[in-house]
Amino acid sequence: MDTTAAVVEPAAEADLIASLPADFRWGVATSAYQIEGAYDQDGRGPSIWDTYCRTPGMVEGGDNGDVACDHYHRMPADVALIKSLGVDVYRFSVAWPRVQPGGRGPANPLGLGFYDRLVDELLGKGVDPWVTLYHWDLPQELEDAGGWPARDTAYRFADYAMLVFDALQDRVRTWTTLNEPWCSAMLGYHEGRQAPGRQDFPAAMEAVHHLLLGHGLAVRRMRAAASTPVELGITLNMGTSMPATQSTADQEATRRADGLGVRIYLDPLLRGQYPGDIVDDLSVRGVKLPVVDGDLQIIGEPIDVLGVNYYSSHLVSGVDSAGRTEDAEGNPVQSTVRMGRPVTAMDWEIVPEGFTDLLVRLSRDYPGMPMVITENGAAFDDEADPSGYVADVDRTAYLSAHIAAVAAARARGADVRGYFAWSLMDNFEWSYGYAKRFGLVHVDYETLVRTPKQSALWYRDTIRRARAH
Ligand code: FCB
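Each value, and the rule that gives it
- Residues numbered from 1 in each chain as written.
- Predicted model: local features only at pLDDT ≥ 70, side-chain atom pairs only at ≥ 80, totals over all residues.
- Heavy atoms only, no water.
- Pairing = 2+ DSSP bridges.
- Helix = DSSP H or I, 4+ residues; strand = E, 2+ residues; numbered from the N terminus.
- Axes fitted to C-alpha atoms, helices over the stretch in contact; angles between N-to-C directions.
- Contact = heavy atoms within 4.5 Å.
- Near = heavy atom within 4 Å.
- Polar contact = N/O pair within 3.5 Å; in protein donor to acceptor, adjacent residues only side chain to side chain.
- Areas by Shrake-Rupley, 256 points an atom, 1.4 Å probe, with all protein chains shown as cover.
- Nonpolar A, V, L, I, M, F, W, Y, C, P; charged D, E, K, R; others polar.
- Buried < 20%, exposed > 50% of the residue type's maximum accessible area, 1.4 Å probe, protein only.
- Phe/Tyr/Trp six-rings, centres within 6.5 Å; stacked < 30°, edge-to-face > 60°.
- Lys NZ or Arg CZ within 6 Å of the ring centre and 35° of its normal.

Comments concerning the sheet that holds strand 5 (residues 231-237)
Moving on, step 1. An order of 1-2-3-4-5-7-10-11 is seen for the eight strands of this closed barrel, with the pairing classed as parallel. Sheet twist, expressed as the average angle between the axes of neighbouring strands with direction ignored, equals 25°.
Moving on, step 2. Examined bridge by bridge, strand 4 (residues 174-179) and strand 5 share four bridges and lie parallel to one another. By the bridge assignment, Thr176 is partnered in strand 5 with Gly233.
Moving on, step 3. Packing of helix 6 (residues 109-124) onto the sheet brings it into contact with strand 2 (89-93) and strand 3 (128-134), and relative to strand 2 it is tilted by some 170°.

Take a look at the structure:
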């Protein structure tokens, strides 16, 4: 990838987008904790995010998901909104603490009932439901028992998955086990920037393995219990990592970044083993993945679709700003260096061609695995007019460039079958609280009124055009 290249011109983008096939799946995505609110209703138990939000200093503005977009009470109107965007499919997550308030035991019928109604509402409007079973809201009781670093959590996850699967499999075709295990493990247990906020690298590596094990256990049981054909998969967040220079230190840092960001998940999922170089790096640090005989067979259970979440790509350096190659603990430095691109409100560089490169690379390194983009989008500092409308030319341009990047990857052989914009509407952006807006639809947090932004209208028209040929 040429990191200085200009982004593709809009006319070229339109041509690329027009090359997408008529059966390409178009959707919008959300997750439970980010939109639902109703945090203590109908028997929902606390999750690690409820706890994290109540820990002073963890979330910007002291925000939390108690009310969020109040989707729990406005679901039918939100489904009508989804329908008005003209999408085929809606990706949402099920809140584990609604279904099993303490993370184990029988299903809470009121909690499960919400998703039952949501699925019926979607199907009644001709929108396909796409379920994510885990989008980061671990029941707090399971964290108290050790969380993802504890092996038992993988088995608890599979039990929970089956409660949901048994209730909805007659109407839901596509199931994603986990959303972004990298974030759960690395941000949650190593960097402490997300719930549960721990800073313990060996625990994070245990979490990686138990997240993958939970995925495999759930896939195995769902497949065995499926009474009609289902599509099972997992969603990973990935980007293209490139060395900042050709120095050995930068190349090595890039290898490690890619190893801990991409290969440590995809190799066991799709090739039946952890990447040897990363296992070696870990053992130098005295860290071991807690693999038990038979685990890799479980993790490698065949899946039908790989969900790809893409936001940005990175230049990686093995040298810090002071010129050091080792950090205070003696571990090799791995830092990111600016490419000098425009950034979103998250300060993430806008690198659409890194998306194309990622998809082409995935299709080369892990052939035969259909992919769907389960998230892509951008936060910008929106300004709504008095009616609530946002003329978000920046977000629209981001979406256009990135959908074109997907089409460019398809033209180079990547088997990408669908695209979900993140997100349907502005929502609780984790440790950034409500300060960052990713929605195609604006939410006024005082009144909770939803207003489609320019990007929503552009997306609707783009889908309409793509279907017309
Ligand atoms: C992803 C998350 C999603 C949202 C976007 C911006 O990492 O899966 O919930 O926060 O980032």
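Brief notes about the site of the ligand
Moving on, step 1. Neighbouring the ligand are Gln34, His135, Trp136, Asn179, Glu180, Tyr311, Glu375, Trp422, Glu429, Trp430 and Phe438.
Moving on, step 2. Between the ligand and the protein, one listed contact pairs an oxygen atom with a side-chain N or O atom of Glu375 at 3.0 Å.
Moving on, step 3. A distance of 2.8 Å separates an oxygen atom of the ligand from a polar atom in the side chain of Glu429.
Moving on, step 4. Calculation on the ligand without its partners gives an accessible area of 290 Å², and the protein chains cover 95% of this total.
Moving on, step 5. Classifying every residue of the shell around the ligand gives five nonpolar, three polar and three charged.

Thoughts on the side chain of Thr396
Moving on, step 1. You can see Thr396 is positioned in helix 15 (residues 393-411).
Moving on, step 2. Overall, Thr396 belongs to the buried group, its relative accessible area being 8%.
Moving on, step 3. In this view, Thr396 contacts Gln454, Ser455 and Trp458; residues no more than four positions away in its chain are not counted.

What to know about the packing of aromatic side chains
Moving on, step 1. Taken as a whole, this structure holds 32 aromatic pairs when the rule is applied.
Moving on, step 2. Ring geometry for Trp96 and Tyr134: centres 6.1 Å apart, planes at 80°, overall edge-to-face. Within this pair, whereas Trp96 is found in helix 5 (residues 96-99), its partner Tyr134 is found in strand 3, the two being separated by 38 residues in sequence. For the pair Trp96 and Tyr134, one class covers both residues: buried.
Moving on, step 3. By way of ring pairs, the aromatic residues Tyr33, Trp49, Tyr52, Trp136, Phe428, Trp430, Tyr434 and Tyr445 are connected into one cluster.
Moving on, step 4. Between Arg285 and the ring centre of Phe201, over which it is positioned, the NZ or CZ distance is 3.9 Å.

Considerations on unusual backbone geometry
The phi torsion of most residues other than glycine is negative, and most of the peptide bonds are trans.
Moving on, step 1. In this chain, Ala195 is followed by Pro196 through a cis amide linkage whose omega measures 5°.
Moving on, step 2. For Pro196, the location among the structural elements is in the loop between helix 9 (181-190) and helix 10 (201-225).
Moving on, step 3. In this structure, the amide linkage connecting Trp422 to the following residue, Ser423, adopts the cis form with an omega of 15°.
Moving on, step 4. Its location among the elements puts Ser423 in the loop between strand 11 (416-422) and strand 12 (441-443).
Moving on, step 5. Phi is positive for Ala38, which is not a glycine, with a value near 45°.
Moving on, step 6. Inspection of the secondary structure puts Ala38 in the loop between helix 2 (32-35) and helix 3 (48-53).
Moving on, step 7. If you check the backbone angles, Ala68 has positive phi at about 50° while not being a glycine.
Moving on, step 8. Residue position: Ala68 is located in the loop between helix 3 and helix 4 (71-84).

Topic: the pairing of strand 8 (residues 314-317)
For a regular strand, the rule is simple: side chains alternate between the two faces of the sheet.
Moving on, step 1. Looking at chain direction, strand 6 (residues 241-243) and strand 8 are connected through three bridges and run parallel. The residue of strand 8 that forms the bridge with Pro243 is Val316.
Moving on, step 2. With three bridges connecting them, strand 8 and strand 9 (residues 335-337) associate as antiparallel partners. If you follow Val316 over to strand 9, its bridge partner there is Thr336.

Observations regarding the pairing of strand 5
Moving on, step 1. Within strand 5, seven of the seven residues are buried, which leaves it mostly tucked inside the rest of the structure.
Moving on, step 2. What you see with strand 5 is no split at all: Glu231, Gly233, Thr235 and Asn237 on one side and Leu232, Ile234 and Leu236 on the other are buried throughout.
Moving on, step 3. As defined by bridge partners, strand 5 adjoins strand 7 (residues 305-309) across five bridges and the pair is classed as parallel. Across the sheet, residue Leu236 finds its bridge partner in strand 7, namely Val308.

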